[in-house]
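Architecture and fold: a report
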Amino acid sequence: MVLSNYTDVSAMRQEILDNNLRTKAIIMDIINFRGALRELETLNEAGRDKLAALRKCIDRMDVLARDETDSKLAEEVEKNREQYSKTLQAFRKANVATMLEIEKSNKEELFALRPEASEMRQRKLANGLAGSKTYRSSALLLQHESVTDRMICISKQLHETTQKSAATLDMLVTTSATVESTRDELLNTAGKIHQSSKLLQKYSRRDCTDKMLAIFGLLMFLASVFYVLWKRLF
């Protein structure tokens, strides 16, 4: 049984280490990411999965520590919980910082736009209307259309970024509330278990005292009987 528990603890420690390292790697990828929001959401999903796996493994270790009443293992669980909280905060900060950078980049691109028409469209127009006022007007119109299309596209990207940021922040707030609620429940359960242990110890001591009193009474009774018989016989 002891060997089995040792094996379980070793496996849990290895799983916690693996999930922690993979989560940190995903956090670094998020920090360095400057692509599309859909790809960022994929990284977020992977990070959330690793965080959930890490939390479940810590909870299993906590249950084992309580079942075995292992104080050292309980201390290790608390350290793992603190490390999990730090990793979760780093994950949130990385997401917020990356989204702000993407939004900033999109805004800079929007404000840095200059009227530039497509070269291919200008060439086609130049072949038919070279040297004429109609060509210049059409080229200018194409330039404005190109700029307008790009502005609309970037505006949509900014809107999508804002929505994704709001959704991610809501998710992070919900996750934080869930973690805090789980921690409070575990602390409450630990307090109840501690109180139950004290009551059991108290009842155990009382039972031992009752047995000692019963034995003492029996000895007194036997001594009295022996004394009466001795008086009558001698």
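Every value quoted in this text rests on a predicted model; they were computed, and no experiment measured them. (Residues numbered from 1 in each chain as written. Predicted model: local features only at pLDDT ≥ 70, side-chain atom pairs only at ≥ 80, totals over all residues. Heavy atoms only, no water.)

1. As for the overall build of the protein
Selection rule: Runs of H or I in DSSP of at least four residues are treated as helices and runs of E of at least two as strands, each being numbered from the N terminus. Between two residues, a contact is recorded if the distance between any of their heavy atoms is within 4.5 Å. Using a 1.4 Å probe, accessible areas were evaluated by the Shrake-Rupley method; residue-level cover was limited to the displayed protein chains.
Summing up its helical and strand segments, the protein has five helices and zero strands in all. In the protein, the succession of α and β elements from N to C terminus is α-α-α-α-α. Partitioning the intrachain contacts of the protein with sequence separation of at least 6 by distance along the chain shows that 78% fall at a separation of at least 24. Of the roughly 16,800 Å² that the protein leaves accessible, carbon and sulfur atoms contribute 59%.

2. Some details on helix H2 (residues 37-68)
Here is the rule: To estimate the expected span of a helix, subtract one from its residue number and multiply by 1.5 Å.
Spanning 32 residues, H2 covers 46 Å between terminal C-alpha atoms, matching the ideal 46 Å at 1.5 Å per step. One or two steps after H2, the chain reaches Thr69, where phi turns positive at roughly 50°.

3. So, the pattern of salt bridges
Put simply, the rule reads: Salt bridge, as applied in this entry: a Lys or Arg side-chain nitrogen positioned within 4 Å of an Asp or Glu carboxyl oxygen. Throughout, exposure labels follow a simple rule: accessible area from a 1.4 Å probe, protein chains only, divided by the maximum for the residue type, with under 20% read as buried, over 50% as exposed, and the rest as partly exposed.
Following the criterion strictly, the structure yields six salt bridges and no others. In this structure, the salt-bridge partner of Arg66 is Asp62, at a minimum N-O distance of 3.3 Å. Linking Arg66 with Asp62, this pair stays in helix H2, spanning four residues, or about one helical turn. Assessed through its relative accessible area of 33%, Arg66 is described here as partly exposed. Looking at Asp62, the relative accessible area reads 7%, which means it is buried. Within the structure, one salt-bridge network assembled from shared partners comprises Asp59, Asp62, Arg66 and Arg81.

4. Notes on a nonpolar patch on the surface
Definition in use: A patch is a set of surface residues, each over 30% in relative accessible area and not in a salt bridge, joined within 9 Å for like charges and within 5 Å for the nonpolar side chains Val, Leu, Ile, Met, Phe, Trp and Tyr.
Together, Ile215, Leu218, Leu219, Phe221, Leu222, Val225, Leu229 and Leu233 make up an exposed nonpolar region whose accessible area comes to about 820 Å². For Leu233, the location among the structural elements is in helix H5 (residues 133-233).

5. What to know about the environment of Leu37
Tracing the backbone shows Leu37 in helix H2. For the pair Leu37 and Lys164, spaced 127 residues apart in the sequence, the C-alpha separation amounts to 7.6 Å.

6. So, the UniProt feature "transmembrane region" (unreviewed entry) in the protein
The following threshold applies: UniProt positions are given in the numbering used here, feature names are shortened, and annotations may be inferred rather than shown by experiment.
If you check UniProt for "transmembrane region" (unreviewed entry), the listed places come out as residues 212-230 in our numbering. Between the end C-alpha atoms of residues 212-230 there is a gap of 27 Å, over a span that is 100% helix and 0% strand.

7. Quick notes on the side chain of Thr98
Among the structural elements, Thr98 can be located in helix H3 (residues 71-111). With residues near it in sequence (within four places) discarded, Thr98 still touches Ile30, Ile31, Phe33, Arg34 and Leu40.

8. Focus on the nonpolar core
Put simply, the test is: To form a nonpolar core, buried Ala, Val, Leu, Ile, Met, Phe, Trp, Tyr and Cys residues must be joined to one another through side-chain atoms within 4.5 Å.
Core analysis: the largest hydrophobic core is formed by 27 residues, its most contacted members being Ile30 and Leu40. A total of 10 residues in this core trace back to one element, the largest contributor, which is H2.

9. Side note on the confidence of the model for the protein
Convention followed: A residue's pLDDT is the predictor's confidence in that residue, given on a scale from 0 to 100.
In this model, the protein carries an average pLDDT of 75, and 69% of its residues clear a pLDDT of 70 or more. Mean pLDDT across the elements of the protein ranges from a minimum in helix H4 (residues 119-129), with 50, to a maximum in H2, with 87. Long-range and interchain partners of residues 114-121, a stretch whose pLDDT sits below 50, account for 13 contacts in this model, where long-range means more than four residues apart. With pLDDT under 50 throughout, residues 129-133 is counted as low confidence; its partners more than four residues away or in other chains account for five contacts.

10. Quick word on unusual backbone geometry
The phi dihedral of Thr69 is positive, around 50°, even though this residue is not glycine. Structurally, Thr69 is set in the loop between H2 and H3. Assessed through its relative accessible area of 70%, Thr69 is described here as exposed.

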